[in-house]
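Structural overview
Here is what each chain is made of, one letter per residue.
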Amino acid sequence: MAEAIVLIHRGMARFASAHYRDAVEDMNAALDLDPSNWRALFYRGTAYRVLGDVERAAQDFEQCLSIDP
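Residues numbered from 1 in each chain as written. Predicted model: local features only at pLDDT ≥ 70, side-chain atom pairs only at ≥ 80, totals over all residues. Heavy atoms only, no water.

Thoughts on the nonpolar core
Here is a general trend for soluble globular proteins: nonpolar side chains tend to be buried in one another's company. Ala 4, Leu 7, Ile 8, Met 27, Ala 30, Leu 31, Ala 40, Leu 41 and Cys 64 form the largest nonpolar core, which has nine residues in total. Excluding anything up to four places from it in sequence, Cys 64 contacts Trp 38, Leu 41 and Phe 42. (Core = buried A, V, L, I, M, F, W, Y, C linked by side-chain atoms within 4.5 Å. Buried < 20%, exposed > 50% of the residue type's maximum accessible area, 1.4 Å probe, protein only. Contact = heavy atoms within 4.5 Å.)

Here's what the structure looks like:
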């Protein structure tokens, strides 16, 4: 769990630096460790949205809401 949190924070920093694909990779790694982490889903969805992949973004946001409405 702690490793997933570190990956999420690094992904958020990458997102803030406009490294959106790297942010997605970090969120993917965090979700491999903790598939029910709604924060990783939310941030990955946000990165997908910025990248223009609205379908994947919507899927992540829906899954996020199913975990933590």
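Details of the pattern of salt bridges
Applying the stated criterion to the full structure yields four salt bridges. A salt bridge links Arg 10 to Asp 26, with the nearest nitrogen and oxygen atoms 2.6 Å apart. Remark: Asp 26 occurs in helix H2 (residues 20-33) and Arg 10 occurs in helix H1 (residues 2-16); sequence separation between them is 16 residues. With its nearest N and O atoms 3.6 Å apart, the salt bridge here joins Arg 56 to Asp 53. Salt bridges sharing partners connect three or more residues here, namely Arg 10, Arg 14 and Asp 26. (Salt bridge = Lys/Arg side-chain N within 4 Å of Asp/Glu carboxyl O. Helix = DSSP H or I, 4+ residues; strand = E, 2+ residues; numbered from the N terminus.)

Points about the packing of H1 against helix H3 (residues 38-51)
Viewed as axis vectors pointing N to C, H1 and H3 meet at an angle of 20°, and their least axial separation amounts to 10 Å. The angle between the axes of H1 and H3 places the two elements in the roughly parallel class. Seen along the crossing, H1 lies across H3 with a hand that is left-handed. Counting all contacts with H1, which are made through Ile 8, Met 12 and Phe 15, the residues of H3 involved are Ala 40, Tyr 43, Thr 46, Ala 47 and Val 50. (Axes fitted to C-alpha atoms, helices over the stretch in contact; angles between N-to-C directions. Parallel < 35°, antiparallel > 145°, perpendicular 65-115°, else oblique. Left-handed = near helix turned anticlockwise from the far one by under 90°.)

Topic: the side chain of Asp 60
Checked against the element boundaries, Asp 60 lands in helix H4 (residues 54-67). Among the polar contacts made by the side chain of Asp 60, one reaches the main-chain amide nitrogen of Gly 45 at a distance of 3.4 Å. Ignoring any residue separated from it by four or fewer positions in sequence, one finds Asp 60 in contact with Leu 41, Arg 44, Gly 45 and Tyr 48. (Polar contact = N/O pair within 3.5 Å; in protein donor to acceptor, adjacent residues only side chain to side chain.)

Keep in mind that these numbers describe shape and distance, not what the molecule does.
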